[in-house]
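# What the coordinates show
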Amino acid sequence: MKSNVFFSQLAHKIRASEVRELLKWQEKKRIISFGGGFPDPELYPVDELADIARDVILSYRDEALKYGTTEGLDELREEILKFMKRFGIKVGGLNNIIITSGSQQAIDILSRILIDPGDVVIVEKPTYLAAINAFNLSSPKYYGVPMDREGMKIDALESLLKEIKRRNERVKFIYTIPTAQNPTGLTMSNERRRRLIELAEEYDFLIVEDNPYSYMLFEPAKYEHLKSLDKTGRVIHLSTLSKVLVPGLRIGWVIAEEEITRKIVLAKQSTDICSSTLSQYIAYEAFRRGLIDKQLKILPKFYKRKRDIMLCALEEYMPERTHWIKPIGGMYIFVSLPDVVDTRELLIEALNRGVCYIPGDSFFIDRSGRNTMRLNFSYPKTHEIEKGIKILGELFREVIDKHLFTKAVA
Ligand SMILES: *Cc1c(COP(=O)(O)O)cnc(C)c1O
């Protein structure tokens, strides 16, 4: 039987995530991984979570094991609203927040409730691969905005918006990760955040603010969430416990205007009825017992150390004319190599030598960035970081030397 003929057009559009494919490699061989976007498992509060899980089942009993409402557990939503308020996000109440099965579910639902084929979606160049994959299923037309050390270039965005308007095309939303972006590690300046909100007003589009990383900043700098600057309800704020606590609970949330949350609830109903009730109770107790606050204290110091080790190793081992911008938070460093280095082509050799990274072109809607790569510093062990960077540095140097030699001979 050939199943292929039974698949829908949509199914034909679904591609294997390259990142997931790469991660399969890792399991086969002992590889130093700068590839995945995982927190360090050493930071998972295993014993505390075990206690909480047991307590939750025994004390809430059937409540913790039954179907819940699609919107999510009231107590957890109250707790998250209080939590977000500490970060400057003040919204009306429970009608403005929904629990999702990770932010990924929110991204997938937004793709379905906001995008008609051909609608314009603006993303950062580069941007989060799993978001592109989810948006792709609704066949948007993408425009990309380049970035510099202050994040998305707002001047470039403005010219782009003018051009789009001239073409009579409709921008539905802009998807941005303003703080410690994945994959670049870049953080948008406050000035640009303000300007972005103004442009959303002027050109009438929504902003999807994806925010998994603001909980791990390494410097005391204060950034305002787009949602906290939002006066007219244009910002849809997504966040998650995946990076700050553990990804396995699959607890994320959306904060938005009621009209939007209501539609998300309807779409979510047919997806999974509700996010895991058990996970929601565990998350609720994790907030209530101060476990999240404890993580907030530990994470930045722990990851800053790993970032610094990676920065030092890059400095020492990468070839000349290699660039990166020091991230002030999150889990990634994005590296640009000399043009002769094709990171996608070299990945197999890197894996053979025992190191994994993600080729940068995966994150560009136009597949540019063949000389870039994303390095994750949160997951590898500290002693592996230097070793892995050294191996990559040697590999890239060999390629550059060979190129110079070939040129000289020619
Ligand atoms: C890790 C990450 C998420 C989190 O996804 P979950 O589904 O909540 O685990 C969302 N957006 C970005 C940009 C990420 O890097």
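Our structure's up above, just so we're on the same page.
Another point: unusual backbone geometry. Excluding glycine, residues mostly have negative phi values, and the peptide bonds linking residues are mostly trans. The step from lysine 125 to proline 126 runs through a cis peptide bond, and the omega angle for that step is 5 degrees. Residue position: proline 126 is located in the loop between strand E3 (120-125) and helix H6 (129-136). With a phi close to 65 degrees, isoleucine 273 is a non-glycine residue in the positive phi region. Following the sequence through the fold, isoleucine 273 ends up in the loop between helix H10 (258-272) and helix H11 (277-288).

Moving on, we come to the sheet that holds strand E10 (residues 323-324). Reading across from one edge, E10-E11-E14-E13 is the order of the 4 strands in this open sheet, with antiparallel pairing throughout. Since the sheet does not close on itself, it has two edges, and those belong to E10 and strand E13 (358-359), each with one partner. Bridge count for strand E11 (residues 332-336) against strand E14 (residues 372-376) is 5 bridges, and the pairing is antiparallel. Residue pairing across strands places phenylalanine 334 opposite arginine 374, the latter belonging to E14. Sheet contacts for helix H12 (residues 291-317): E10, E11 and E14; angle to E11, the most-contacted strand, approximately 15 degrees.

Another aspect to go through is the sheet that holds strand E5 (residues 151-152). Across the sheet, which stays open at both edges, the 8 strands sit in the order E2-E9-E8-E7-E6-E3-E4-E5 with mixed pairing between neighbours. Because the sheet does not close on itself, it has two edges, and the strands there are strand E2 (97-100) and E5. As paired strands, E3 and strand E4 (residues 141-148) are joined by 6 bridges and run parallel to one another. Considered in E4, the bridge of isoleucine 122 is made with tyrosine 143. In the packing of helix H5 (residues 102-114) onto the sheet, contacts are made with E2, strand E6 (171-176), strand E7 (206-210), strand E8 (235-240) and strand E9 (252-255), and the angle to E8 comes to roughly 155 degrees. On top of the sheet, helix H8 (residues 190-203) reaches E4, E5, E6, E7 and E8; it is set at about 145 degrees to E7, its chief contact.

Analysis parameters
Residues numbered from 1 in each chain as written. Predicted model: local features only at pLDDT ≥ 70, side-chain atom pairs only at ≥ 80, totals over all residues. Heavy atoms only, no water. Helix = DSSP H or I, 4+ residues; strand = E, 2+ residues; numbered from the N terminus. Pairing = 2+ DSSP bridges. Contact = heavy atoms within 4.5 Å. Axes fitted to C-alpha atoms, helices over the stretch in contact; angles between N-to-C directions.

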